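Structural overview
Now for the letters of each chain:
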Protein chains: 2
Amino acid sequence: MNILILGGGGFIGQKLAVALAQKVRLRGKPIERMVLADINAPRSVDAPFLVETCRCNIADRASIDEMIGADVDVIFLLAAIVSAHAEDDFDKGMEVNLFGALNVLERCRTLKTKPTLVFSSSLGVFGGEVPDPIEDWTLFNPQSSYGTQKAMVELLLNDYSRRGMVDGRGLRLPTISVRPGLPNRAASSYLSSIFREPLNGVEATCPVEPDTMQYFLSPRRCIKNLIIGAEAKAERFGQNRCLTMPGLTLSIHQAIAAMTAVVGPEPAKLISWEPQADIQKMVAGWRFNFNTAKADALGLKRDASFEDNIRYFIEDDMTAV
Amino acid sequence: MNILILGGGGFIGQKLAVALAQKVRLRGKPIERMVLADINAPRSVDAPFLVETCRCNIADRASIDEMIGADVDVIFLLAAIVSAHAEDDFDKGMEVNLFGALNVLERCRTLKTKPTLVFSSSLGVFGGEVPDPIEDWTLFNPQSSYGTQKAMVELLLNDYSRRGMVDGRGLRLPTISVRPGLPNRAASSYLSSIFREPLNGVEATCPVEPDTMQYFLSPRRCIKNLIIGAEAKAERFGQNRCLTMPGLTLSIHQAIAAMTAVVGPEPAKLISWEPQADIQKMVAGWRFNFNTAKADALGLKRDASFEDNIRYFIEDDMTAV
């Protein structure tokens, strides 16, 4: 079992690599080699099998051709230009999110080895005037360029899978919280900052109203779901290889109350409220009410409560801040 | 009012050109110039304004740049590689149906003149495991590369419109019948042949079972709907610029009975039934039960009966066979 993680330097990629190092097997076979590739060479992880780190630019077809050989069994495609960045820089988003993914698909097609390709999509594919809840059969109606690009790749992933060029699986990530590390250019970045910074005794700003609803998933549960997605039998996906990961629907206020329930009232006092029109507008276009029947049937899971999200962050990532 | 029809040599492009020549105005302004462009130079049409014909390859960005100037007000993008052809030749379908459309969008973006762009999409964007009827908010779940490419362009059309780069409108065409001319490589081609050939006293073969359901629209009504789509105010499309044209849901058997009702029993006797597995498989993936509330509200219409489709063909196209 030979694994490639594109975007292996990102926080999801790093956590996935650690989880695979502990799991030792994937799709019923022992892992022999795992390559972490990213635009900058990623940190390596300890594992009882060969781990390599590489620089790779998915927007460059030659770089992808070099990276993906006929010996690769499973590819995780996590590399992306995040939401607010893709909205600010349309060309960059298209280059990486659409054409980068297409480079991966085209390389797989050329190889004829039909690798498993696990793609991290986004709830951003949904939006606009569609009824609640979002079902497995709800229209893509993205209100951002990021969501548009992710939706297009889902369509390609399905078509390349239908044609037998790749064994694709697309998993739409909810808002992943609490993320470790620094804020990024995702419009959802504050949805980690408002917990992460206060838990570390640092002030944070919330740019949206406290009653804003969100659809949350912890990093720990997200990684487990990615692995379930990689291991599920292809035929269980039916005529569409993509689905929404289960999450928790909560207001910002409720999520903060969960933090308070776990660690007491002090961290919440470090949050100041400064609504920002541009972020509010983008976030207002996101959906938070999902029926994830297909993912549930495949065994993907949501967190039991946002208290768990807080506990996982404390256990997994407090030292990483 | 300066109009460009990409795919102006096709039968829809030609009929649209004739209709615009008669209409003389579009979007409240007199038409001053109309350019018909296609991979081979199209036939011209008689009009009380300037009509030009050009060769243009939408897959070639330079050809598109030359074709679309800052003076173009309305573009009809009808050029496409049809369904069975795009299924047989994946690269050709991607080149024309996806990247060709992207060339048009990118050219419009560069010009900053925000032309109206009317795109002919397809019911092929729908399919697979989604509930009946197909609503305005039903998932794209194409079971063909053609449908995949059309769905991706719808997403791009929406995003370029949302960003103010173009004023896009995507109209999904039902099975257009009765088409004039020769069979083409659309998997739906027989849905015209089985009427057109017998009406001209020629034998025809139907490759699917008589109880196969289809969603039909006449060429005459399709052209009217394209023009309504071009003229509708942008804000009436809301957060999605694309919709399904209303059609009639009928079995092949019912449609043939309509032909018999108009012209008597002789033509139907010229149809022989030879089910073909590949065509049946593709057609079985198409949907035929649609709720077109959004199109209805904009004033797009279906034919009153399939008898009308037969009459329109006799009136408009019998001499063209």
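Conventions adopted
- Residues numbered from 1 in each chain as written.
- Chains lettered and ligands numbered in written order.
- Predicted model: local features only at pLDDT ≥ 70, side-chain atom pairs only at ≥ 80, totals over all residues.
- Helix = DSSP H or I, 4+ residues; strand = E, 2+ residues; numbered from the N terminus.
- Contact = placed C-beta atoms within 7 Å.
- Nonpolar A, V, L, I, M, F, W, Y, C, P; charged D, E, K, R; others polar.
- Domains from an automatic or database assignment.
- Pairing = 2+ DSSP bridges.
- Least-squares fit on C-alpha atoms with pLDDT ≥ 70 in both.
- Axes fitted to C-alpha atoms, helices over the stretch in contact; angles between N-to-C directions.

Focus: unusual backbone geometry
Between Ser177 of chain A and Val178 of chain A the backbone carries a cis peptide bond, its omega angle lying at 15 degrees. Of note, Val178 of chain A is situated in the loop between β9 (175-176) and α6 (190-199). Omega for the bond connecting Asp132 of chain B with Pro133 of chain B falls within 30 degrees of zero, at -15 degrees, which places this linkage in the cis form. Looking at where Pro133 of chain B falls in the secondary structure, it is placed in the loop between β7 (116-122) and α5 (145-162). With a phi angle near 70 degrees, Val24 of chain A is a residue other than glycine that sits in the positive phi range. As for its placement among the helices and strands, Val24 of chain A is situated in the loop between α1 (11-23) and β2 (25-26).

Focus on the environment of Leu298 of chain A
All names here are of chain A. As for its placement among the helices and strands, Leu298 is situated in helix α10 (residues 293-298). For the pair Leu298 and Ala186, spaced 112 residues apart in the sequence, the C-alpha separation amounts to 28 Å. Not counting residues within four places of it along the chain, the set of residues in contact with Leu298 comprises Ile228, Ala232 and Arg236.

Observations concerning the interface of chain B and chain A
Listed as interface residues are 23 residues of chain B and, on the opposing side, 24 residues of chain A. Looking at side-chain class alone, the side of chain B that touches chain A contains 10 nonpolar, 9 polar and 4 charged residues.

Structural notes on the domain arrangement of chain A
All names here are of chain A. Parsing chain A into structural domains produces domain 1 (2-174 + 218-244) and domain 2 (190-214 + 248-288 + 303-320). When each unit is reduced to the centre of its C-alpha atoms, the spacing between domain 1 and domain 2 is 27 Å. With 10 residues of domain 1 at the contact, the number on the domain 2 side is 9 residues. In terms of residue class, the side of domain 1 that touches domain 2 is built from 3 nonpolar, 5 polar and 2 charged.

Focus: the sheet that holds strand β11 (residues 213-217) of chain B
The strands that make up a sheet pair up through hydrogen bonds in the backbone, lying either parallel or antiparallel. With mixed pairing, 3 strands are arranged side by side in an open sheet as β9-β11-β13 (chain B). At either end of the open sheet lies a strand with only one pairing partner, and these are β9 (175-176) and β13 (248-251) of chain B.

Here's the deal with the relation of the copies chain B and chain A
Between chain B and chain A, the superposition needs a rotation of 180 degrees and an axial shift of 0.0 Å, giving an RMSD of 0.0 Å. The operation mapping one copy onto its partner corresponds to a two-fold rotation axis. Rotation axis and chain B: the residue whose C-alpha lies nearest the axis is Leu139 of chain B, separated from it by 1.8 Å. Looking at the interface residues of chain B, 100% of them are also at the interface in chain A, so both copies use one shared face.

Some details on the sheet that holds strand β8 (residues 167-173) of chain B
Residue and element names in this part refer to chain B. Read from one edge of the open sheet, 7 strands run β5-β4-β1-β6-β7-β8-β12, paired in parallel fashion. Each of the sheet's edge strands pairs with one partner strand only, and the pair in question is β5 (50-55) and β12 (242-244). On average, each strand axis in the sheet is tilted by 15 degrees relative to the strand beside it, whichever way the strands run. Here 4 bridges tie strand β6 (residues 74-77) to β7, and the two strands are oriented parallel to one another.

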